[in-house]
Structure formats: C-alpha cells, structure tokens
2 protein chains.
Amino acid sequence: MEIRERLARNLRRRREANNWSQEEFADRAGIHRTYVSDLERGRRNPTITVVEKLAKPFGVTASEMLA
Amino acid sequence: MEIRERLARNLRRRREANNWSQEEFADRAGIHRTYVSDLERGRRNPTITVVEKLAKPFGVTASEMLA
DNA sequence: CTGTGACTTTTAGTCCGTC
DNA sequence: AGACGGACTAAAAGTCACA
C-alpha cells in the first residue's frame, strides 16, 4: 500500500524534525499513542479526518501529509 | 467536517469535467456507485486508500484530491 | 442518472499491557 | 523512547431496493 508508506514517512520525518516523542505528538494531535506507532510503520489505513489531525500540530494541510 | 467537503467538491468537479456519470466513474475507480454519491455529498469519511482509488481515473495523486 | 435509508461485514481507532 | 499484542467499541466499507 503505497500511500500508507508515504504518510508514514512524512509523519515520522516531521515528528522527529520537531523533536517530539510519539507520545507527545499523539497528545498534540489528539490521537492515541499506539496508533501513531502503527501509522509510522505503515500498518494502518487512516481516514481523512485522522490525516487532518496529524497535519495540525505541524501547521500543514492534510494534502501535504500525503504528498 | 471541512476536509470531507473539500474532497467532495474536488471529486464532483473532476468527474463532471470528464463528463462521467457517477456510475461510469464508479466503475473506473472500482467502487460502488452509491458510495460515490455519498462521497460527493460529504456523507462519508473515507480512508486514504479510498482516496487513492478516487484519484486514479483522473490521473492525479491522492494528495491532489484533498487539496 | 442520482439520492437515500437500511443493512452486514470489515476495519479503524482506543486502551490495557509487555518486551 | 518505541515496537508490538490482545481485546474491545465505534465507524467505515461495501451493497441493495427504491424513490
């Protein structure tokens, strides 16, 4: 699943760029810690509203998270 | 739900630009006709793999469908 | 051709952990 | 700090008959 990989890499890259742990990011994004872990490993197929939540702490759009 | 609206409009706009009925587009995308109807009215919260399916017939990326 | 309600199956997403 | 598992609930996937 190509697109999941792309999201996974974007997420991890941006989170590490901000020096946030998965847990800290999860809190900021309002999602669960274990879910962030799964997403970064491309194990999940999130909905677009979740992608929007992921985008918010970075101040980017959902579209950019999938680019 | 902001992002669902954005997807809905992009989808309808692009489908009509190609002069495809919902049914014809559904066939091309490999999803059900009524699901397309729901999506264009913002009634569904699709996963990113569905967004990818929607993007394919237009030859664009999933990211562009959410832009 | 498209909208809609109802429906069943599948999976998204949470929460408890351990390694 | 993060990977990973099990069990659970909420919601999405996917389809249909009919307006």
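Everything here concerns the structure above.
Residues numbered from 1 in each chain as written. Chains lettered and ligands numbered in written order. Predicted model: local features only at pLDDT ≥ 70, side-chain atom pairs only at ≥ 80, totals over all residues. Heavy atoms only, no water.

**Q** Lay out the protein's contact with DNA strand C with the relevant residues and their values.
**A** Around DNA strand C, the structure places 21 residues, and the nearest of them are Tyr35, Arg44 and Thr47 of chain A together with Gln22 and Arg41 of chain B. Counting only atoms of DNA strand C within 4 Å of the protein, the fraction found in sugar and phosphate groups is 59%. Listed by contribution, the elements that provide at least two residues to the surface near DNA strand C are helix H3 (33-40) of chain A together with helix H1 (2-17), helix H2 (22-29) and helix H3 (33-40) of chain B. Residues of the surface near DNA strand C, tallied by class, amount to 3 nonpolar, 9 polar and 9 charged. (Near = heavy atom within 4 Å. Helix = DSSP H or I, 4+ residues; strand = E, 2+ residues; numbered from the N terminus. Nonpolar A, V, L, I, M, F, W, Y, C, P; charged D, E, K, R; others polar.)

**Q** Summarise the pattern of salt bridges; cite the residues concerned and give the values.
**A** When the charged atoms of two side chains lie near each other, side chains of opposite charge can form a pair. All names here are of chain A. Summed over all chains, the structure comprises 14 salt bridges over all chains. As a salt-bridge pair, arginine 44 and aspartate 38 come within 3.1 Å of each other at their nearest N and O atoms. By relative accessible area, aspartate 38 is classed as buried at 17%. Several salt bridges converge on common partners, so that one network encompasses Arg12, Arg15 and Glu40. (Salt bridge = Lys/Arg side-chain N within 4 Å of Asp/Glu carboxyl O. Buried < 20%, exposed > 50% of the residue type's maximum accessible area, 1.4 Å probe, protein only.)

**Q** Before we move on, could you go through the relation of the copies chain A and chain B and cite the residues and values that matter?
**A** Superposing chain A onto chain B requires a rotation of 180° together with a translation of 0.2 Å along the rotation axis, leaving an RMSD of 0.1 Å. Such a turn and shift between the copies fits a two-fold axis. Comparing interface residues between copies, 100% of those in chain A also lie at the interface in chain B; the contact surface is shared. (Least-squares fit on C-alpha atoms with pLDDT ≥ 70 in both. Contact = heavy atoms within 4.5 Å.)

**Q** Describe the protein's contact with DNA strand D, and please don't skip the residues or the numbers.
**A** As a matter of local geometry, DNA strand D sits amid 20 residues, with Arg12, Gln22 and Arg41 of chain A together with Tyr35 and Thr47 of chain B nearest to it. Taken together, the sugar and phosphate atoms account for 62% of what DNA strand D places within 4 Å of the protein. Arginine 15 of chain A places a polar side-chain atom, nitrogen or oxygen, 2.8 Å from a phosphate oxygen of DNA strand D. At 3.1 Å from a phosphate oxygen of DNA strand D is found a side-chain nitrogen or oxygen belonging to serine 37 of chain A. Elements supplying a minimum of two residues to the surface near DNA strand D: helix H1 (2-17) and H3 of chain A together with H3 and helix H4 (48-55) of chain B. (Polar contact = N/O pair within 3.5 Å; in protein donor to acceptor, adjacent residues only side chain to side chain.)

**Q** Explain the environment of asparagine 19 of chain A to me, using residue names and the numbers behind them.
**A** Mapped onto the secondary structure, asparagine 19 of chain A falls in the loop between H1 and helix H2 (22-29). As for asparagine 19 of chain A and valine 60 of chain A, which are separated by 41 residues in sequence, their C-alpha atoms are 17 Å apart.

**Q** With reference to specific residues and values, describe the packing of H1 of chain B against H3 of chain B.
**A** Residues and elements named next belong to chain B. Here H1 crosses H3 at 120°, and the two axes come no closer than 8 Å. Judged on the interaxial angle alone, H3 and H1 are oblique. Seen from H1, the contacting residues are Ala8, Leu11, Arg12 and Arg15; seen from H3, they are Val36, Leu39 and Glu40. For the contact of H1 with H3, the residue count by class is 4 nonpolar, no polar and 3 charged. (Axes fitted to C-alpha atoms, helices over the stretch in contact; angles between N-to-C directions. Parallel < 35°, antiparallel > 145°, perpendicular 65-115°, else oblique.)

**Q** Which residues make up the interface of chain A and chain B, and what are the values?
**A** In this complex, chain A contributes 17 residues to the contact, which on the side of chain B involves 18 residues. Both faces combined, the contact of chain A with chain B buries some 1,400 Å², and carbon together with sulfur accounts for 68% of it. On the chain A side of the interface with chain B, the three residues burying the most area are Ile3, Ile48 and Ser63 of chain A, jointly 40% of the side's total. Counting the contacts that link chain A with chain B gives 0 salt bridges. The tally of links between chain A and chain B comes to 7 residue pairs in polar contact (both at pLDDT 80 or more). Of all the secondary structure elements, the ones that give two or more residues to the side of chain A that touches chain B are H1, helix H4 (48-55) and helix H5 (62-65) of chain A. Per-class residue counts for the side of chain A that touches chain B are 9 nonpolar, 4 polar and 4 charged. (Buried area = accessible area lost by both parts, 1.4 Å probe.)

Function cannot be read off these values alone, since they describe shape.
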